[in-house]
Amino acid sequence: GYPHANDSDQIIVASIQTLARRDFPDNIDLVIFDETHTTSFYKTAKELISYYADAPVLALSKAKFLHLTATPFRLKKKEYFPHVEAIVQAPHIGKLTRMGYLVTARHFGYDGLNDFSLLETGKDGDYKKSQLAACCELSEYNEAIVNKFLDFCPDRKAISFAASVKQSLLLTELFNEAGIVTEHIQAETPREERKRIFQDFKAGKVQIISSIGTLT
């Protein structure tokens, strides 16, 4: 992993998985949980809160805790945010759109390309990744995606969010065969390669980026 934090670091960014494997750094005044609808329920998160609170009542803690999420709805049945004292709700997407901060979204959905009702859901309430990947890796499914894109927006830039590396690579191949310059990106894509892809996308040399677990 990356080098360990030291006392001179004023800001430390770490995943909850990394924190689980290392000693908690000292002299922390503010702890920020991103994606807290998930991360704050990890055992490590609870240990971290207890470590930095250092007080019988959380409100008396010298360290402050800020929880951020854009998904304030849990599919699990556990109590939501038992350790949060106050919630600040941001404006709804509809309101932000009316205020001019967001553009109006247009959604095109198509039934019949796949029967997702056959998929099982896991403990988190979402589709099981292995089944979703197998369902989305079918050639005819991805060929239909490419054809729909060519029908509705062949000249638009786009980012494709795939269900697996295999699907992303297949979509990249199919789009390129159709004359749409497309690049694939995943977690293992080297930094310099990512930089080139982003620059080409910005310059219009690349029309679509197909991403798996990276541009989310």
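Look up: the structure comes first, before these words.
Just so it is clear, the structure is predicted and the values come from calculations on it, not from any experiment.

Colleague: Looking at this structure, I do not really get the sheet that holds strand β3 (residues 158-161). What am I missing?
Modeller: Hydrogen bonds along the backbone pair up the strands of a sheet, which may run parallel or antiparallel. Spatial strand order, β3-β5-β4: three strands in an open sheet with parallel pairing. Strands with a single pairing partner mark the edges of an open sheet, and in this sheet they are β3 and β4 (182-185). Averaged over neighbouring strand pairs, the angle between their axes works out to 20 degrees when direction is ignored. Pairing geometry for β4 and strand β5 (residues 208-211), over four bridges, is parallel.

Colleague: Quick question: what am I supposed to make of the pairing of β5 here?
Modeller: By the alternation rule, side chains of β5 split into Ile-208 and Ser-210 and Ile-209 and Ser-211, which are all buried. By the bridge criterion, four bridges tie β3 to β5 in an arrangement that is parallel. Its bridge partner being in β5, Ser-160 is matched across the sheet by Ser-210. Taken together, β4, helix α8 (residues 191-203) and β5 form a β-α-β motif whose crossover is right-handed.

Colleague: Just to check I follow, could you spell out the packing of aromatic side chains for this structure?
Modeller: Aromatic ring pairs are described here by two measures, namely the spacing of the ring centres and the angle between the planes. Throughout the structure, instances matching the rule amount to five aromatic pairs. On the basis of an interplanar angle of 70 degrees and a centroid distance of 5.4 Å, the ring pair of Phe-24 and Tyr-51 is categorised as edge-to-face. Here Phe-24, found in the loop between α1 (16-19) and β1 (30-33), pairs with Tyr-51, found in helix α3 (residues 43-53); they are 27 residues apart in sequence, far enough to count as distant. Residue Phe-24 is classed as buried on the basis of its relative accessible area, which comes to 16%. On the basis of relative accessible area, Tyr-51 is assigned to the partly exposed category, the value being 41%. Between Phe-108 and Phe-152, the ring centres sit 5.2 Å apart and the planes meet at 40 degrees, which makes this aromatic pair tilted. Of this pair, Phe-108 sits in the loop between α4 (93-98) and α5 (129-136) while Phe-152 sits in helix α6 (residues 139-152), and the two are 44 residues apart along the sequence. Grouping aromatic residues by their ring pairs yields a cluster made of Phe-24, Tyr-51 and Tyr-52.

Colleague: Even after reading the chapter, I still don't get the pattern of salt bridges, so can you show me in this structure?
Modeller: Think of it this way: side chains of opposite charge can pair up when their charged atoms draw near. One pass over the structure, following the stated rule, counts four salt bridges. Measuring nitrogen to oxygen at the nearest pair gives 3.1 Å for the salt bridge that ties Glu-183 to Arg-196. Pair noted here: Glu-183 is in strand β4 and Arg-196 is in helix α8, with a separation of 13 residues, a long-range link. Bridged by salt links that share partners, the residues Glu-183, Glu-193, Arg-196 and Asp-200 form one connected network.

Colleague: Can you walk me through the side chain of Thr-214 in this structure?
Modeller: Here Thr-214 lies in the segment after β5. From its side chain, Thr-214 meets the backbone nitrogen of Ala-187 in a polar contact 3.3 Å long. At a separation of 3.1 Å, a polar atom in the side chain of Thr-214 contacts the main-chain carbonyl oxygen of Ile-212. When neighbours within four sequence positions are excluded, Thr-214 is seen to be in contact with Ile-185, Gln-186, Ala-187 and Arg-194.

Colleague: Would you take a moment to explain a nonpolar patch on the surface for this structure?
Modeller: On the surface, a cluster of nonpolar side chains totalling about 340 Å² of accessible area is made up of Leu-30, Ile-32, Leu-66 and Leu-68. Looking at where Leu-68 falls in the secondary structure, it is placed in the loop between β2 (64-67) and α4. The class for Leu-68 is partly exposed, based on a relative accessible area of 38%.

Parameters and conventions
- Residues numbered from 1 in each chain as written.
- Predicted model: local features only at pLDDT ≥ 70, side-chain atom pairs only at ≥ 80, totals over all residues.
- Heavy atoms only, no water.
- Pairing = 2+ DSSP bridges.
- Helix = DSSP H or I, 4+ residues; strand = E, 2+ residues; numbered from the N terminus.
- Axes fitted to C-alpha atoms, helices over the stretch in contact; angles between N-to-C directions.
- Buried < 20%, exposed > 50% of the residue type's maximum accessible area, 1.4 Å probe, protein only.
- Right-handed = clockwise from strand over helix to strand, strands pointing away.
- Phe/Tyr/Trp six-rings, centres within 6.5 Å; stacked < 30°, edge-to-face > 60°.
- Salt bridge = Lys/Arg side-chain N within 4 Å of Asp/Glu carboxyl O.
- Polar contact = N/O pair within 3.5 Å; in protein donor to acceptor, adjacent residues only side chain to side chain.
- Contact = heavy atoms within 4.5 Å.
- Patch = residues over 30% accessible without salt bridge, like charges linked within 9 Å, V, L, I, M, F, W, Y side chains within 5 Å.
- Areas by Shrake-Rupley, 256 points an atom, 1.4 Å probe, with all protein chains shown as cover.

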